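The lines below spell out each chain.
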Amino acid sequence: AEAAKIDQQASAIPHVLVFPLPVQGHITSMLKLAELLSLAGGGGIRVTFLNSDYNHKRLLQFSDAESRSQNYPGFRFETFDDGLPMDQLTKGEKVSELLGEMDSKTRPVFKNLLVQIQPPVTCVIGDGSLGFISDVSLEIGIPIIRFRTISPCFFWINFWLPEVIQAGELPIIGEEDMERLITKVPGMESFLRCRDLPGYCRAGTDDPTMIQVVKATRESSSPAYPLILNTFDDLDGPILARIRQRLPKTYTIGPAHEHLQSRLGTASSSSSLWKEEASCLTWLDAQPPGSVLYVNFGSITMMRRDQVIEFWEGLTGSKNRFLWVIRPGSVCSGEMADDVQMPEELVEGVEKGNLKVLVGWAPQEAVLGHEAVGGFLTHSGWNSTLESIVAGVPMICWPFFADQQVNSRFVSEVLKLGLDMKDVCDRRVVARMVNELMVERKEEFRRKAVEMARMAKESVEEGGSSYRNLELLIEDIKLMSS
Ligand code: UDP
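Residues numbered from 1 in each chain as written. Predicted model: local features only at pLDDT ≥ 70, side-chain atom pairs only at ≥ 80, totals over all residues. Heavy atoms only, no water.

Novice: In this structure, what is going on with the side chain of Gln307? I would like to understand it.
Specialist: Examined against the element boundaries, Gln307 turns out to sit in helix α13 (residues 305-317). Polar side-chain contacts of Gln307 include one of 2.9 Å to the backbone nitrogen of Arg304. Those residues in contact with Gln307 that lie beyond four places of it in its chain are Trp398 and Cys425. (Helix = DSSP H or I, 4+ residues; strand = E, 2+ residues; numbered from the N terminus. Polar contact = N/O pair within 3.5 Å; in protein donor to acceptor, adjacent residues only side chain to side chain. Contact = heavy atoms within 4.5 Å.)

Novice: Is there a simple way to think about the pattern of salt bridges in this case?
Specialist: Counting across every chain of the model gives 31 salt bridges. Across the pair Lys32 and Glu365 runs a salt bridge, and its minimum N-O distance is 3.9 Å. With Lys32 in helix α2 (residues 24-41) and Glu365 in helix α15 (residues 364-369), the pair connects residues that are 333 residues apart, well separated along the chain. With a closest N to O distance of 2.7 Å, Arg68 and Glu35 form a salt bridge. On the criterion of sequence distance, the pair formed by Arg68 in helix α4 (residues 67-71) and Glu35 in helix α2 is long-range, its members being 33 residues apart. Among the residues examined, Glu35 registers a relative accessible area of 0% and is labelled buried. Each of Glu175, Glu179, Arg193, Arg195, Asp196, Arg202, Arg409, Glu413, Asp420, Lys422 and Asp423 takes part in one network of salt bridges that share partners. (Salt bridge = Lys/Arg side-chain N within 4 Å of Asp/Glu carboxyl O. Buried < 20%, exposed > 50% of the residue type's maximum accessible area, 1.4 Å probe, protein only.)

Novice: Any chance you could explain the packing of aromatic side chains here in plain terms?
Specialist: Here a ring pair, both rings aromatic, is described through the centre-centre distance and the interplanar angle of the planes. Across all of its chains, the model carries 18 aromatic pairs by this definition. Ring centres of Phe155 and Phe159 lie 6.4 Å apart, and the angle between their planes is 40°; on these two criteria the pair is classed as tilted. Separated by four residues within a single helix, Phe155 and Phe159 lie in helix α7 (residues 152-166), roughly one turn from each other. Judged by its relative accessible area of 6%, Phe159 falls in the buried class. Taken together through their ring pairs, the aromatic side chains of Phe19, Phe80, Phe110 and Phe132 make up a single cluster. Sitting over the face of the ring of Trp274, Arg58 holds its NZ or CZ atom 4.7 Å from the ring centroid. Looking at Arg263, its charged tip hangs above the ring of Tyr467, at a distance of 3.6 Å from the centre. (Phe/Tyr/Trp six-rings, centres within 6.5 Å; stacked < 30°, edge-to-face > 60°. Lys NZ or Arg CZ within 6 Å of the ring centre and 35° of its normal.)

Novice: I'm lost on the site of the ligand in this one. Help?
Specialist: Taken together, the neighbourhood of the ligand is formed by 17 residues, with Asn296, Ser299, Ala362, Ser384 and Glu387 sitting nearest. Within the side chain of Trp361, a nitrogen or oxygen atom sits 3.5 Å from a nitrogen atom of the ligand. Within the contact set of the ligand, an oxygen atom lies 2.6 Å away from a side-chain nitrogen or oxygen of Ser384. With the chains in place, 93% of the 540 Å² that the ligand exposes on its own is no longer accessible. Mapped by element, the contributors of at least two residues to the shell around the ligand are α2 and α16 (382-391). At four residues, α16 tops the list of elements feeding residues into the shell around the ligand. (Near = heavy atom within 4 Å. Areas by Shrake-Rupley, 256 points an atom, 1.4 Å probe, with all protein chains shown as cover.)

Novice: Any chance you could explain the sheet that holds strand β15 (residues 395-397) here in plain terms?
Specialist: Each strand in a sheet pairs with another by means of backbone hydrogen bonds, the pair being arranged parallel or else antiparallel. Read across the open sheet, the seven strands follow the order β12-β13-β10-β8-β14-β15-β16; overall the sheet is mixed. Bordering the open sheet on either side are β12 (350-352) and β16 (418-420), each of which pairs with just one other strand. Strand-to-strand, the axes of this sheet are offset by a mean angle of 15°, without reference to chain direction. Relative to β16, β15 runs parallel, the two being bridged by three bridges. (Pairing = 2+ DSSP bridges. Axes fitted to C-alpha atoms, helices over the stretch in contact; angles between N-to-C directions.)

Novice: Looking at this structure, I do not really get α2. What am I missing?
Specialist: Since there are 3.6 residues in each turn of an α-helix, residues three or four apart along the chain are aligned in direction. The first and last C-alpha atoms of α2 sit 25 Å apart over 18 residues, in line with the 26 Å expected at 1.5 Å per residue. α2 sits mainly inside the fold: 16 of its 18 residues count as buried. Following α2 by one or two positions, Gly42 adopts a phi angle in the positive range, close to 50°. (Expected span 1.5 Å × (residues − 1).)

Novice: What exactly am I supposed to notice about the environment of Pro288 here?
Specialist: For Pro288, the location among the structural elements is in the loop between α12 (279-285) and β8 (292-296). Residues Pro288 and Glu371 lie 83 residues apart in sequence; the distance between their C-alpha atoms is 8.2 Å. Residues in contact with Pro288, not counting those within four places in the same chain, are Arg321 and Ala372.

Novice: What am I meant to see in the pairing of strand β13 (residues 355-359) here?
Specialist: Side-chain direction in a regular strand flips from residue to residue, so the side chains alternate between the two faces of the sheet. Most of β13 sits out of view: four of its five residues are buried. If you look at the hairpin formed by β12 and β13, you'll find two residues sitting between the two strands, and Gly353 has a positive phi there, around 55°.

Novice: Explain the pairing of strand β2 (residues 46-52) here, please?
Specialist: Taking burial as the measure, the seven residues of β2 include six buried ones, the bulk of the element. Relative to β2, strand β1 (residues 15-19) runs parallel, the two sharing four bridges. Looking at β2, one finds that His15 is bridged to Arg46. For the crossover that starts at β1, traverses α2 and ends in the parallel β2, the hand is right-handed. Sheet analysis places β2 next to strand β3 (residues 75-80), joined by six bridges and oriented parallel. If you follow Ser52 over to β3, its bridge partner there is Phe80. (Right-handed = clockwise from strand over helix to strand, strands pointing away.)

Next comes the structure, spelled out in structure tokens:
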């Protein structure tokens, strides 16, 4: 009877399954959320993080993944064969293919897993970019919460795309149409241009990615189910107010990495799928405060050789100090560039005078937090943007795909935290913008960035908006699980 009682008590504890899209940026932010739930739930919630076999192997290889199960009460990993080829991780242009493939191959495997897993799952937190997670969960009768790893701006644009299309504001007719303002996204009428829409809008309105995204956004936008966004209220206030009118159960718990660090009281474990090279931190130790421009285009961006060379010439031509981290395999030849030779420094890496090129993977949070770093040339991925904001580092934005086009507009035009270089890749522009950010307008940008970093930190401290939202989310999970 005693054993049955213990069993009953155990099964009364909510069991949350967290399931991300299997790419770095999504794994990072959803893993931080999973850790936050375990930590703040204080043993009152079980959290299982679902990883593909392939990504889990990498996580174990390059980070101390297992420490989490020891550090957090009730936290564990579950791994499964997601039915995709082992090397699917990913090139930007392939993300839409990945979504399609997962829908057909991962959906059935996920369903099997979800009915078998013990103790039974009482609530699923699914990546909102994978519509099948909610389909399957609801089919089995398990309540669902969506987590969007993208920026709120981008979420809101996708939410309104059907109206934008209906009003005839899309398609975009050629290059000369790029500056036209889009008027049908409430709250963005004054700054959203065609140029700031994602790639699938630029290509035309019949791109299958667009149809998928629009569908997933509307489906994931039922007011009945909670939505989690990785942001904080002071950063996205006006858009969040509008989102909450439609979706009152919107929990902003970010910046997730800072939130976790603040609750832990120490740096959180890495979630890198590549080996982090600490050598760049040693190099930074020897540089003057605020002097280094950090250059990194994230985990998915692919660059053409001719583009890489424009950046190289612009960066060296600016005479500024810089640290450029190039992900191995991220440079492709592409048309126009087949006969372009890459400078050896960019193939092998180099460290001389005021510059360092590392072909590898950086411990980015630590790099951005280093006092030598004074600027960030970024592809404007949402995680990178939040990490830069927390560190108080202004940005030059060179967006590549998905939410990055609007993030860069938001950073430059709304937040005034940097410059937007989108659609241009020219050594003179690179040099000019680097000097503008690092020299001419340095103080102006720094002041803004320091102020926003302060607000980010306050939001995750006890009593801050993200702190409170996490508590409310946990209450909601308990309610949904009962
Ligand atoms: N990142 C890193 N080291 C690198 C490059 C990227 O740790 O050398 C991390 C970065 O800190 C961020 C994530 O990878 O957390 C990239 O996510 P983001 O949303 O910025 O862009 P994506 O890679 O999804 O395009």
